[in-house]
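Each chain, letter by letter, is given below.
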2 protein chains.
Amino acid sequence: MSELVTIRDASMTTGVSAKMIRHYESIGLISAPARTENRYRHYSQRDIHELGFIRKARDLGFPIEDIRHLLALWRDRSRSSAEVKAIALRHIAALDEKAAALQAMSATLKHLASNCHGDNRPDCPIIDALDRLG
Amino acid sequence: MSELVTIRDASMTTGVSAKMIRHYESIGLISAPARTENRYRHYSQRDIHELGFIRKARDLGFPIEDIRHLLALWRDRSRSSAEVKAIALRHIAALDEKAAALQAMSATLKHLASNCHGDNRPDCPIIDALDRLG
DNA sequence: CTTGACCTTCCCATCATGGGAACCCCATAT
DNA sequence: ATATGGGGTTCCCATGATGGGAAGGTCAAG
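Parameters and conventions
- Per chain, the residues get numbers from 1 upward, laid out in the order the sequence is written.
- The order in which chains are written sets their letters, starting at A; the order in which ligands are written sets their numbers, starting at 1.
- pLDDT decides what is reported in this predicted model: residues at 70 or higher carry local features, side-chain atom pairs at 80 or more are listed and counted, and totals for whole chains, interfaces and linings draw on all residues regardless.
- Calculation of side-chain values draws on the structure's entire complement of heavy atoms; hydrogens and water are dropped beforehand.
- Only runs of H or I of at least four residues qualify as helices and only runs of E of at least two qualify as strands under DSSP, and these elements are numbered from the N terminus.
- Radius of gyration here uses only the C-alpha atoms, and the compact-globule reference equals 2.2 Å multiplied by the residue count raised to the power 0.38.
- Per-residue accessibility, obtained with a 1.4 Å probe over protein chains only, is compared with the maximum for each type, and a residue is labelled buried under 20%, exposed over 50%, and partly exposed between these values.
- Contacts were defined at the residue level, with two residues in contact if any of their heavy atoms lie within 4.5 Å.
- Calculation of accessible area relied on Shrake-Rupley with a 1.4 Å probe; when residues are assessed, cover is drawn exclusively from the protein chains displayed.
- For the purpose of charge, His is not counted, nor are the chain termini; Lys and Arg are scored as positive and Asp and Glu as negative.
- Charge positions come from single atoms, namely NZ of Lys, CZ of Arg, CG of Asp or CD of Glu.
- We superpose the copies by least squares over the C-alpha atoms of residues that have a pLDDT of at least 70 in both of them.
- For any pair of parts, buried area is found by adding up, for both, the accessible area (1.4 Å probe) each one loses once the two are put together.
- A pairing counts as a salt bridge when a side-chain nitrogen of Lys or Arg comes within 4 Å of a carboxyl oxygen of Asp or Glu.
- Counted as a polar contact is a pair of N or O atoms within 3.5 Å, where, for protein atoms, one must be capable of donating a hydrogen and the other of accepting one, and residues adjacent in sequence contribute only when both atoms are in side chains.
- Just so you know the grouping, Ala, Val, Leu, Ile, Met, Phe, Trp, Tyr, Cys and Pro go in nonpolar, Asp, Glu, Lys and Arg go in charged, and all remaining residues, Gly too, go in polar.
- What fixes the domain bounds is an automatic or database domain assignment.

Engineer: Tell me about the overall build of chain A, and name the residues and values.
Structural biologist: When helices and strands are counted, chain A shows six helices and two strands. Written out in order from the N terminus, the α and β elements of chain A read α-α-β-β-α-α-α-α. Against the compact-globule benchmark of 14 Å for 134 residues, chain A has a radius of gyration of 23 Å, which places it well outside the compact range. With the C-alpha coordinates aligned to their principal axes, the bounding extent of chain A is approximately 75 × 40 × 20 Å. In chain A, buried positions account for 42% of the 134 residues. Contacts spanning at least 24 positions in sequence make up 46% of the contacts within chain A whose residues lie at least 6 apart. Of the roughly 7,600 Å² of accessible surface on chain A, a fraction of 53% belongs to carbon and sulfur atoms. Within chain A, one finds 20 positive and 17 negative side-chain charges whose respective centroids are separated by 5 Å.

Below, the structure is given as structure tokens:
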């Protein structure tokens, strides 16, 4: 006697937008849900659970293809934790690399900005750096 | 008696790909260069200088619209350094925010991964977290 | 029977960048 | 002289994850 769970309901309980739910279906990340007679999608608890999984993985920054892999491992009760851990470690490395790149940019700019008086005068080490340094 | 600087030459001396040089022209970030009779673009030293400026700004992560603004300030000898500094400070804040978000993801995953034995057993705190925690 | 709030599909935009097709131009090697 | 190769040109399409919006179907309540 479960009520019909529409895409909007699924969106609200999982935090994944209806737009993205349809998108994940279109790229085969989730399987196509059942439809009512009027072609409206409706979602099972299993579907909702998967969408929740996906959202949490996205919140951790996993790219879609990683999530595809993680979902397969999730469904597989006989998976090895080593395989999951390997994906996570690769992702951690990617995150750290990106963060380091952003911090390097920030550090350079902070240094330049700290030497820039920031008043009405045109003299500016930030512009100078873009002009001269390579 | 300066030799003709082709788009490839400009690309090699500035580190901006020919593809992107044409793109920057198409979006009006740089002005259209002179053309030879056969419609080949050729670049002045001024053009090369601007492309170098753009590449350095991109290396610091500035988005194109910021660079558009910075280029205008660069050309304006009577600019105020305050305006340049304001753009830089906003960008620093954006970089720091992104870096912090990535680091938070990384920290969470590192914690989960450190508790994952990573062997043949299926038991895995990483999967558990995606499964249960919100 | 209208209104409004859903649903459907399909196309377009973002941001910066690259790939590739189809075609033109020119210098050098055969 | 001509074939070959390596430039140039324009134009379209793709990326990754997401949102906006149009055009049209469906349904419940007023």
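Having seen the structure, we can now continue with the description.
Engineer: How would you explain the relation of the copies chain B and chain A if you had to name every residue and give the values?
Structural biologist: When chain B is fitted onto chain A, the two copies agree to an RMSD of 0.1 Å after a turn of 180° and an axial shift of 0.0 Å. When the rotation and shift are considered jointly, the pair of chain copies conforms to a two-fold rotation axis. Within chain B, the C-alpha atom positioned nearest to the axis of rotation is that of B:Ala99, 2.3 Å from it.

Engineer: Help me get a handle on the interface of chain B and chain A, residues and values and all.
Structural biologist: On the side of chain A, 51 residues touch chain B, which itself brings 51 residues to the contact. Of the roughly 4,300 Å² buried between chain B and chain A, counting both surfaces, carbon and sulfur atoms make up 69%. Seen at the junction of chain B and chain A, the total is two salt bridges. Close ionic contact of B:Lys110 with A:Asp96 constitutes a salt bridge, the shortest N to O distance being 2.9 Å. On the surface where chain B and chain A come into contact, there are 28 residue pairs in polar contact (both at pLDDT 80 or more). When residues of the side of chain B that touches chain A are traced back to their parent elements, those giving at least two are helix H3 (45–59), helix H4 (64–75), helix H5 (81–114) and helix H6 (125–132) of chain B. When the residues that make up the side of chain B that touches chain A are grouped by side-chain class, the tally is 25 nonpolar, twelve polar and 14 charged.

Engineer: Account for the pattern of salt bridges, naming residues and giving values.
Structural biologist: Two side chains bearing opposite charge may form a pair once their charged atoms approach each other closely. Within the structure shown, the criterion is met by 18 salt bridges over all chains. Residue B:Glu65 is joined to B:Arg68 by a salt bridge in which the shortest nitrogen-to-oxygen separation is 2.9 Å. Of the two residues, B:Glu65 and B:Arg68 are both situated in helix H4; the distance of three residues between them amounts to about one turn of the helix. Linked by salt bridges that have partners in common, A:Glu25, A:Arg35 and A:Arg41 make up one network.

Engineer: I'd like to hear about the domain arrangement of chain A, residue by residue, with values.
Structural biologist: Taken domain by domain, chain A holds domain 1 (1–61) and domain 2 (80–134). Centre-to-centre separation of domain 1 of chain A and domain 2 of chain A, based on C-alpha positions: 37 Å.

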